[in-house]
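# Structural overview for review
Residue-level listing of the chains:
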Amino acid sequence: MFITLEGPEGSGKTSHIPYLVEYLREKGYIVFPTREPGGTSIGEQIREVIHDLKNVEMHARTETLLYQAARAQIVEQVIQPRLADGAIVISDRYFDSTIAYQGYGHQQDLEQVRALVKYATGGLMPDLTILLDVDVEVGLKRKKKDNEWNRLDGYTVEFHQRVRAGYLEMVKQEPARWVVVDANREWNEVQAGLRRVILERLQQS
Ligand code: TMP
């Protein structure tokens, strides 16, 4: 099973994943966590370039393509082989981030962005995608406090509001794949919600 976690800035995905992995491993599942952009040596190098605060001149199309390059690598080098071995792969972001940020956020042509994403992933779709939904202002405040500020976080609040609205639109378009978990709540409640959603889906499969 391929599970992806998505969300606007400061939704807490990254802090939840290690605890989800531990919980599922205790239940006997083979679980492999990964993240985007990154998760491979090439991907981590690309991540540095995209997120570097000094790369202010980066065009939205350049940004879009760099994410796809990192993605193509992780799909081939990591995700596909682990899935073929029977592991549950949990990814901190996947192609829906490109639709949300580069598509809705930068207001680029959604059909063109979708075509690029399909090329990068070779068509590999997640079985389950969880949206950790958080108010934009709450999320950005959290990120600033945690000292994890990257170049994209500096985009306008309106950009981040378009990203969040984009995610909610995607949930509406594909309700069978998406589950929304309210990430405005206390960390423990969010973690419990995530565990419930994933376990339920695993037990159905
Ligand atoms: P994160 O590690 O805080 O989730 O940072 C990843 C950043 O990259 C976040 O600002 C969202 C952004 N991003 C995109 O804009 N498009 C993408 O396709 C991916 C994977 C991430």
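Residues numbered from 1 in each chain as written. Predicted model: local features only at pLDDT ≥ 70, side-chain atom pairs only at ≥ 80, totals over all residues. Heavy atoms only, no water.

## Some points on unusual backbone geometry
A negative phi holds for most residues other than glycine; trans holds for most peptide bonds. What counts here: Numbering goes from the N terminus for both helices and strands, where a helix is a DSSP run of H or I of at least four residues and a strand is a run of E of at least two. The cut-offs for exposure are 20% and 50% of the maximum accessible area for each residue type, with area from a 1.4 Å probe on protein chains only; residues under the lower value are buried, those over the upper are exposed, and the others partly exposed.
The amide bond that connects Glu36 to the next residue, Pro37, takes the cis arrangement and shows omega of -10°. Along the chain, Pro37 turns up in the loop between strand E2 (31-35) and helix H2 (41-51). Even without glycine at this site, Arg93 takes up a positive phi of about 80°. Here Arg93 shows up in the loop between strand E3 (88-92) and helix H4 (95-105). Arg93 gets classed as buried once you look at its relative accessible area, which sits at 13%.

## Here we look at the pattern of salt bridges
Operational definition: A pair is scored as a salt bridge if a Lys or Arg side-chain nitrogen falls within 4 Å of a carboxyl oxygen belonging to Asp or Glu.
Tallying each qualifying case throughout the model produces 13 salt bridges. For Asp92, the salt bridge goes to Lys13, with nearest N and O atoms at 2.8 Å. Linking Asp92 in strand E3 with Lys13 in helix H1 (residues 13-26), this pair joins segments that are 79 residues apart in sequence. Lys13 matches Asp92 in its accessibility class, with the two residues each being buried. Glu44 is the salt-bridge partner of Arg35, the closest N and O atoms lying 2.8 Å from each other. Judged by relative accessible area, which is 26%, Glu44 ranks as partly exposed. Put simply, Glu9, Lys143 and Asp153 are held in one network by salt bridges that share partners.

## Describing the packing of aromatic side chains
Heads up, the rule is: We call Phe, Tyr and Trp rings a pair once their centres come within 6.5 Å, taking the six-membered ring for Trp, and we label the pair stacked below 30 degrees between planes, edge-to-face above 60, and tilted otherwise. The rule for a charge over a ring is simple: NZ of Lys or CZ of Arg within 6 Å of the ring centre, and within 35 degrees of the ring normal.
Tallied over the full model, the rule gives six aromatic pairs. Here Tyr101 and Phe159 contribute two aromatic rings whose centre-to-centre distance is 6.1 Å and whose plane-to-plane angle is 55°, an arrangement assigned as tilted. With a gap of 58 residues between them, Tyr101 in helix H4 and Phe159 in helix H7 (residues 157-173) connect regions that are remote in the sequence. Overall, Tyr101 belongs to the buried group, its relative accessible area being 4%. Under the relative-accessibility criterion, Phe159 is labelled buried at 3%. Sitting over the face of the ring of Phe32, Arg82 holds its NZ or CZ atom 3.9 Å from the ring centroid. Positioned over the ring face of Trp149 is Lys144, at 5.0 Å from the centre of the ring.

## Regarding the side chain of Ser91
As a reminder of what qualifies: Polar contact is the term for a pair of N or O atoms within 3.5 Å; when the atoms are in protein, one must be able to donate a hydrogen and the other to accept it, and sequence-neighboring residues count only if both atoms are side-chain atoms. Contact criterion: two residues are considered in contact whenever any of their non-hydrogen atoms come within 4.5 Å of each other.
Inspection of the secondary structure assignment puts Ser91 in strand E3. A polar contact is formed between the side chain of Ser91 and the backbone oxygen of Arg93, at a distance of 2.7 Å. In this structure Ser91 touches Phe2, Ile3, Thr4, Leu5, Ile17, Thr34, Arg35 and Glu36, once residues within four positions along its chain are discounted.

## A look at the site of the ligand
Applicable threshold: Nearness is defined per residue: one heavy atom within 4 Å of the molecule or strand is enough. Accessibility throughout is a Shrake-Rupley quantity obtained with a 1.4 Å probe, and a residue counts as covered only by protein chains that appear here. As a working rule, the residues Ala, Val, Leu, Ile, Met, Phe, Trp, Tyr, Cys and Pro are called nonpolar, Asp, Glu, Lys and Arg charged, and the rest polar, with Gly in that last group.
The local shell around the ligand holds 16 residues, among which Glu9, Arg93, Thr98, Gln102 and Lys143 are the closest. A distance of 2.8 Å separates a nitrogen atom of the ligand from a polar atom in the side chain of Gln102. Surface burial for the ligand is 95%, taken as the share of its 480 Å² of free accessible area covered by protein chains. Those elements that place two or more of their residues in the shell around the ligand are H2, helix H3 (60-84) and H4. Here the shell around the ligand takes four residues from H4, the largest share from any one element. Each residue belonging to the shell around the ligand can be placed in one class, and the counts come to four nonpolar, five polar and seven charged.

This is a description of form; function is not addressed.
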